[in-house]
Amino acid sequence: MTVHERRRRILEAGIGLGFTRPRVARVGPVDRREFYERWIAEGRAGDMRFLLHHRRARVDPHTRYPWARSLVSAFVPHEPPPPPIDWRREMRGRIAAYAYGPDYHDVIARGLDAWRDEIARIAPGCRTAVFVDTGAVFEHEWAARAGVGWTGRHTLTLNEERGSWGFLAEVLLDLEIEPDDAAIDRCGTCDRCVAACPTAAIEDGYRLDPRRCISYLTIEHKGSIDPPLRPLLGAWVFGCDLCQEPCPWNGGERGRDRTELSPRLADLLAMDDDAFDRAYGTTALRRSGRIRVARNAAVALGNGGQPGAVPILAAAIVSHDAPLVRAHAAWAMGTLPDGGGPGGRRALDAALRDPDEAVRAESTAALAGGG
Ligand code: SF4
Ligand code: SF4
């Protein structure tokens, strides 16, 4: 088999398994090494400890995979977000378009394993390593270098064919494969994603502060959400699609009407571990877990401002098992019109005797109108 034929068959095998735009880059140090080191030093990884692992390999795969010669990067499309609903009136939360359904890490990992098997048939003895999302490779950088897509101002990868609604996956190989041309940045003068971000997390384009990003705050951030950021979270309980929605390369595309992406906030606050496992145990939401999702649901109820939220938040303030959730529910009650009225004040008064200091502090602030 010629080198050219081998390349074609490896890439076609990926396409056959659902990977789109598989493209090849030659392995070497990444171009943005200094940027990445500075980004980490500034503490921008926040609670994303996995970004601190394999730091040398992220900037130069050879430090961990000295045998690697080529990297195949590919795009795995997912459905765009569903048509918008009136989340305030319906007291529903929002889940990012990619997150519902079987956890994409598992699905893509299975596809990568199958691709690896195909590669072993095409090039017997070929050494490979595969990655999706949290591995030791700088995914967006490799996607750009291989020509899968450029890194947009929102710091996600997008391309002319599929926009940005998708994941990235990579295969490292010890074969020399002819590389593709790097992607061309086609953002031009557009800055719609920057303008659409409610928390100003996209600082100057191409530079994101995850500590202000709703996606980070709702999924990765473990503790209390900074009070000034809470009103900006809107109804998001897991992830955020806002910077991708207006992108011209996504063409305003909307997916099916999927109510599972807009769960009732009351249900999220009422779930125990078993109920959460039944509803979300096989989805990406299991990564943040029941408590963080309930914390976010409390914030979303406050942001919705509906009178119907009072009894739901009151129940969470006095009886949720997690202090983190009780504290955020107290804040949310304080943001409702008239602090939730008599029902709201009763719950907040009761929370002044909560065993947890943070719950007492949030309740005191909410009663004082400082929620
Ligand atoms: S995911 Fe949301 S919060 Fe994060 S940068 Fe995009 S619009 Fe901003
Ligand atoms: S919205 Fe505009 S600036 Fe942002 S990624 Fe899309 S094309 Fe680039």
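Everything quoted here is computed from the prediction, not taken from an experiment. (Residues numbered from 1 in each chain as written. Chains lettered and ligands numbered in written order. Predicted model: local features only at pLDDT ≥ 70, side-chain atom pairs only at ≥ 80, totals over all residues.)

**Structural notes on the overall build of the protein chain**
Okay, step 1: The helix and strand tally for the protein chain stands at 15 helices and eight strands.
Okay, step 2: Taken over C-alpha atoms, the radius of gyration comes to 23 Å for the protein chain, in line with the 21 Å a tight globule of 371 residues would show.
Okay, step 3: Seen along its three principal axes, the alpha-carbon backbone of the protein chain occupies a region of about 80 × 40 × 40 Å.
Okay, step 4: A buried classification covers 44% of the 371 residues belonging to the protein chain.
Okay, step 5: Put simply, 77% of the contacts in the protein chain that link residues at least 6 apart link residues at least 24 apart. (Helix = DSSP H or I, 4+ residues; strand = E, 2+ residues; numbered from the N terminus. Rg over C-alpha atoms; globule rule 2.2 N^0.38 Å. Buried ≥ 20, exposed ≤ 12 C-beta atoms within 10 Å, placed from the backbone. Contact = placed C-beta atoms within 7 Å.)

**Concerning the site of ligand 1**
Okay, step 1: What surrounds ligand 1 is a group of 13 residues, the closest being Cys197, Cys213, Cys240, Leu242 and Cys243.
Okay, step 2: Partitioned by chemical class, the residues of the shell around ligand 1 number 10 nonpolar, three polar and no charged. (Near = placed C-beta within 6 Å. Nonpolar A, V, L, I, M, F, W, Y, C, P; charged D, E, K, R; others polar.)

**Let's talk about the site of ligand 2**
Okay, step 1: Around ligand 2 sit 13 residues, and of these Gly152, Cys187, Cys190, Cys193 and Cys247 come closest.
Okay, step 2: Grouping the constituent residues of the shell around ligand 2 by class yields eight nonpolar, two polar and three charged.

**Examining the pairing of strand β2 (residues 70-77)**
Okay, step 1: Most of β2 is tucked away, with seven of its eight residues classed as buried.
Okay, step 2: As paired strands, β2 and strand β7 (residues 166-173) are joined by eight bridges and run antiparallel to one another. Each bridged residue has a counterpart across the sheet, and for Val76 the counterpart in β7 is Phe167. (Pairing = 2+ DSSP bridges.)

**A short note on the nonpolar core**
Okay, step 1: Ranked by size, the top nonpolar core spans 100 residues in total, and within it Ala297, Ala298, Leu313, Ile317, Ala330 and Met333 carry the most contacts.
Okay, step 2: Looking at which element gives the most residues to this core, the answer is helix α13 (residues 323-335), with eight residues.
Okay, step 3: When residues are assigned to domains, this core turns out to be shared by domain 1 (1-263) and domain 2 (266-295 + 302-371), each giving three or more. (Core = buried A, V, L, I, M, F, W, Y, C linked by C-beta atoms within 7 Å. Domains from an automatic or database assignment.)

**What to know about helix α1 (residues 3-16)**
Okay, step 1: The end-to-end C-alpha distance of α1 is 20 Å, a good match for the 20 Å that 14 residues give at a rise of 1.5 Å each.
Okay, step 2: Along α1, the positions that sit buried rather than exposed are Arg7, Ile10 and Gly14. With its buried residues spanning 65° around the axis, α1 presents them on a single face. Exposed side chains of α1 directed beyond 90 degrees from the buried face belong to His4, Glu5 and Gly16.
Okay, step 3: Those residues of α1 that are buried lie in contact with β1 (20-26), β2 and α5 (104-122).
Okay, step 4: Following α1 by one or two positions, Gly18 adopts a phi angle in the positive range, close to 100°. (Expected span 1.5 Å × (residues − 1). Arc of directions from axis to C-beta.)

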